[in-house]
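# Summary of structural features
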Amino acid sequence: MDRIVIRGGRPLSGEIAIRGAKNAALPLMAAGLLTDDRLVLGNVPKLADIETMATLLAQHGIAVDRVGNEGRVLSLGGAITNTEAPYDIVRKMRASILVLGPLLARCREARVSLPGGCAIGARPVDLHLKGLEQMGAEISLEGGYVNATAPQGLQGADIVFPFVSVGATENLLMAASLAQGRTTRANAAREPEICDLAKCLIAMGAKITGIGSGRLVIEGVPTLHGADHEIVPDRIETGTYACAAAIAGGTLLLRGGRLEHMAALASTLSEAGVEVTEAPGGLRVARLNGLHGTDVQTEPYPGFPTDMQAQFMSLMCVAEGAAMIPETIFENRFMHASELNRMGARINVHGSSAIVRGDASLQGAPVMATDLRASVSLVIAGLAARGETVVNRVYHLDRGYEAVERQLSACGADIERVSD
């Protein structure tokens, strides 16, 4: 099993190319089920989760081909030959549930295993199922599978979410594109990745208004066609490398990063003493005179993203003063705190909040990754730690970050991947 070894204390300098957003690419790939035509996606990251989704689509009958010199273009297409998403694939990645809506809309039936993924909370799929039921689907749970049918096809409905759910918004947005009549989604998620999905669906022939707002209106159409679409740059990858530059010191150009997609994070970093400015081709990140403890609370977009909580916590470990970090999205997303404490951090977790007492002198130690964002937070901490940090179980890291060790090494970090 691979592990990442970091010897800290070296500032970063240079540039890092920001790839397409994983959280946009996965629902966009699922959208390939909505048509037999070719859907061509550009700026595709090379990640384990992308390969898992490609494997899932292939067993549904959809050919997924990487094209181009760098293999960053995916061409998807083909007729659906199987409407079951099996446990052996779905258990690896929670986003696999996104095939449910498209399969049901196209084929009027689907059998999808309940999903797996990172152990950061319960994350039930209730909203996905309730929304589809409001659109006329008949759903039962049996043997760990969702069995769904819509004998008369899906029907437009007015759906109000009791709370914001990114996955449910994406699943129902795709399903409603082929439903009969009008569907409205109140309290819909507003993330840039959802806007990206909606724009791709429109290019495929869907009729969607309200993009970027909390209320989406979808006029169902009989069929969708193929399209070419460039995936939006990954705002979480951008934020992660911004935190890396801040904790290690130095300056990084994050090529392709978009400030408008990470306004809440940039504002918080500014309060902490980190400058994030627009530059030709992307964003420039530099630590100013010192780091300051800064409180932050995770919230649905456009608030501070839960996917940046762990990385920001690592940064706060070496900041002057204390920081309070309430986590409001996932109930079990502080598993990295105990690993950071092994490195000399001073973090106390009380229920859904963590208190970080900064000014810690981090020391290298063997640590274990527990989920995707926790794994990269430990890598970031290692950049500032004295001595050697060894991050184990980095298969979590490979699900969402492409060659992070090569990216950071090229900018001056002493970091390498070691295989047993």
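You'll find the structure just up there.
Residues numbered from 1 in each chain as written. Predicted model: local features only at pLDDT ≥ 70, side-chain atom pairs only at ≥ 80, totals over all residues. Heavy atoms only, no water.

## Overview of the sheet that holds strand β7 (residues 109-113)
- The strand order across the open sheet built from four strands is β6-β7-β9-β8, with neighbouring strands paired in mixed fashion. With partners counted over all chains shown, the strands left at the sheet margins are β6 (84-85) and β8 (138-142), one partner each.
- Helix-sheet contacts for helix α4 (residues 100-107) involve β7 and β9 (145-149), and the interaxial angle to β7 is about 160 degrees. (Pairing = 2+ DSSP bridges. Helix = DSSP H or I, 4+ residues; strand = E, 2+ residues; numbered from the N terminus. Contact = heavy atoms within 4.5 Å. Axes fitted to C-alpha atoms, helices over the stretch in contact; angles between N-to-C directions.)

## A closer look at the state of the cysteines
- By the definition in use, this model includes zero disulfides.
- Left without a disulfide partner, Cys 107 is nearest to the cysteine sulfur of Cys 200, which lies 19 Å away.
- Summary of cysteine pairing: Cys 200 is not part of a disulfide, and the nearest cysteine sulfur, belonging to Cys 195, is at 13 Å. (Disulfide = S-S within 2.5 Å.)

## A short note on the side chain of Thr 294
- Residue position: Thr 294 is located in the loop between β17 (282-287) and α10 (309-317).
- A residue is classified by how much of its surface remains accessible, and Thr 294, at 5% relative accessible area, is buried.
- Within the structure, Thr 294 has its side chain in polar contact with the backbone oxygen of His 292 (distance 3.0 Å).
- The contacts of Thr 294, once residues within four sequence positions are left out, are Thr 268, Glu 271, Ala 272, Phe 312, Met 316, Ala 322 and Ala 323. (Buried < 20%, exposed > 50% of the residue type's maximum accessible area, 1.4 Å probe, protein only. Polar contact = N/O pair within 3.5 Å; in protein donor to acceptor, adjacent residues only side chain to side chain.)

## Re the nonpolar core
- Judged by nonpolar contacts, the single largest core of 74 residues is most densely connected at Leu 132, Met 135, Leu 154 and Leu 201.
- In this structure Leu 132 touches Leu 100, Leu 104, Ala 137, Ile 139, Leu 154, Leu 172 and Ala 175, once residues within four positions along its chain are discounted.
- Counting 67 residues, the second largest nonpolar core, distinct from the first, contains Ile 18, Ala 248, Val 274 and Ala 413. (Core = buried A, V, L, I, M, F, W, Y, C linked by side-chain atoms within 4.5 Å.)

## Points about helix α2 (residues 48-59)
- A rise of 1.5 Å per residue sets the reference length of α2, with its 12 residues, at 16 Å; its end C-alpha atoms lie 17 Å apart and thus fit the reference within 8%.
- Here α2 has its buried residues at Asp 49, Ile 50, Thr 52, Met 53, Ala 54, Leu 56 and Leu 57.
- Positioned one or two residues after α2, Gly 61 has a phi angle of 110 degrees, which is positive. (Expected span 1.5 Å × (residues − 1).)

## Brief notes about the sheet that holds strand β14 (residues 227-230)
- Judged by pairing direction, the sheet is mixed, and its four strands sit side by side in the order β4-β5-β3-β14 without closing on themselves. With one partner strand each, in any of the chains shown, β4 (63-67) and β14 form the two edges of the open sheet. Across this sheet, the average inter-strand angle for adjacent strands is 20 degrees, counted without regard to direction.
- Relative to strand β5 (residues 73-77), strand β3 (residues 39-42) runs antiparallel, the two sharing three bridges. Along β5, the bridge assignment pairs Leu 41 with Leu 74.
- Relative to β14, helix α7 (residues 192-203) is tilted by about 160 degrees, and along the sheet it contacts β3 and β14.

## Details of the pairing of β7
- With two bridges joining them, β6 and β7 adopt parallel strand pairing. Paired with Ala 85 across the bridge in β7 is Val 112.
- Here β7 runs beside β9; their pairing, made up of five bridges, is antiparallel. Bridged to Ala 110 within β9 is Ala 148.

## What about the layout of surface pockets?
- Computed from the structure, the second largest pocket encloses a volume of approximately 160 Å³.
- If you trace the second largest pocket, you find it lined by Leu 34, Thr 35, Asp 36, Ala 105, Arg 106, Leu 178, Ala 179, Gln 180, Val 221, Pro 222, Thr 223 and Leu 224.
- When its residues are assigned to classes, the lining of the second largest pocket shows seven nonpolar, three polar and two charged. (1 Å grid on protein atoms, 1.4 Å probe; cavity = no way out; pocket = protein on both sides within 12 Å on 5 of 7 lines; lining within 4 Å. Points joined across faces, edges and corners; volume = space filled by probe spheres on them. Nonpolar A, V, L, I, M, F, W, Y, C, P; charged D, E, K, R; others polar.)

## A short note on the packing of aromatic side chains
- If you walk through the whole model with that rule in mind, you get one aromatic pair.
- When the ring centre of Tyr 145 is taken as origin, the NZ or CZ atom of Arg 111, which lies over that ring, is 3.9 Å away. (Phe/Tyr/Trp six-rings, centres within 6.5 Å; stacked < 30°, edge-to-face > 60°. Lys NZ or Arg CZ within 6 Å of the ring centre and 35° of its normal.)

## Description of the side chain of Arg 185
- The residue Arg 185 is located in strand β11 (residues 182-186) in this model.
- A polar contact of 2.7 Å, which involves the side chain of Arg 185, links it to the backbone oxygen of Leu 172.
- In this structure Arg 185 touches Met 135, Ala 157, Ile 159, Phe 161, Leu 172, Leu 173, Ala 176, Gly 214, Arg 215, Leu 216 and Ile 218, once residues within four positions along its chain are discounted.

## A word on unusual backbone geometry
- Here the bond from Tyr 301 into Pro 302 is cis, since omega is 15 degrees, no more than 30 degrees from zero.
- Position of Pro 302 among the secondary structure elements: in the loop between β17 and α10.
- Located in the positive-phi region is Asn 43, a residue other than glycine, with phi close to 60 degrees.
- By the secondary structure assignment, Asn 43 is in the loop between β3 and α2.
- Here Asn 43 falls in the buried class, since its relative accessible area comes to 18%.
- In the Ramachandran plot, Arg 393 falls in the positive-phi region, its phi being about 60 degrees despite a non-glycine side chain.
- Among the structural elements, Arg 393 can be located in the loop between β22 (388-392) and α13 (395-400).
- For Arg 393, a relative accessible area of 27% puts it in the partly exposed group.

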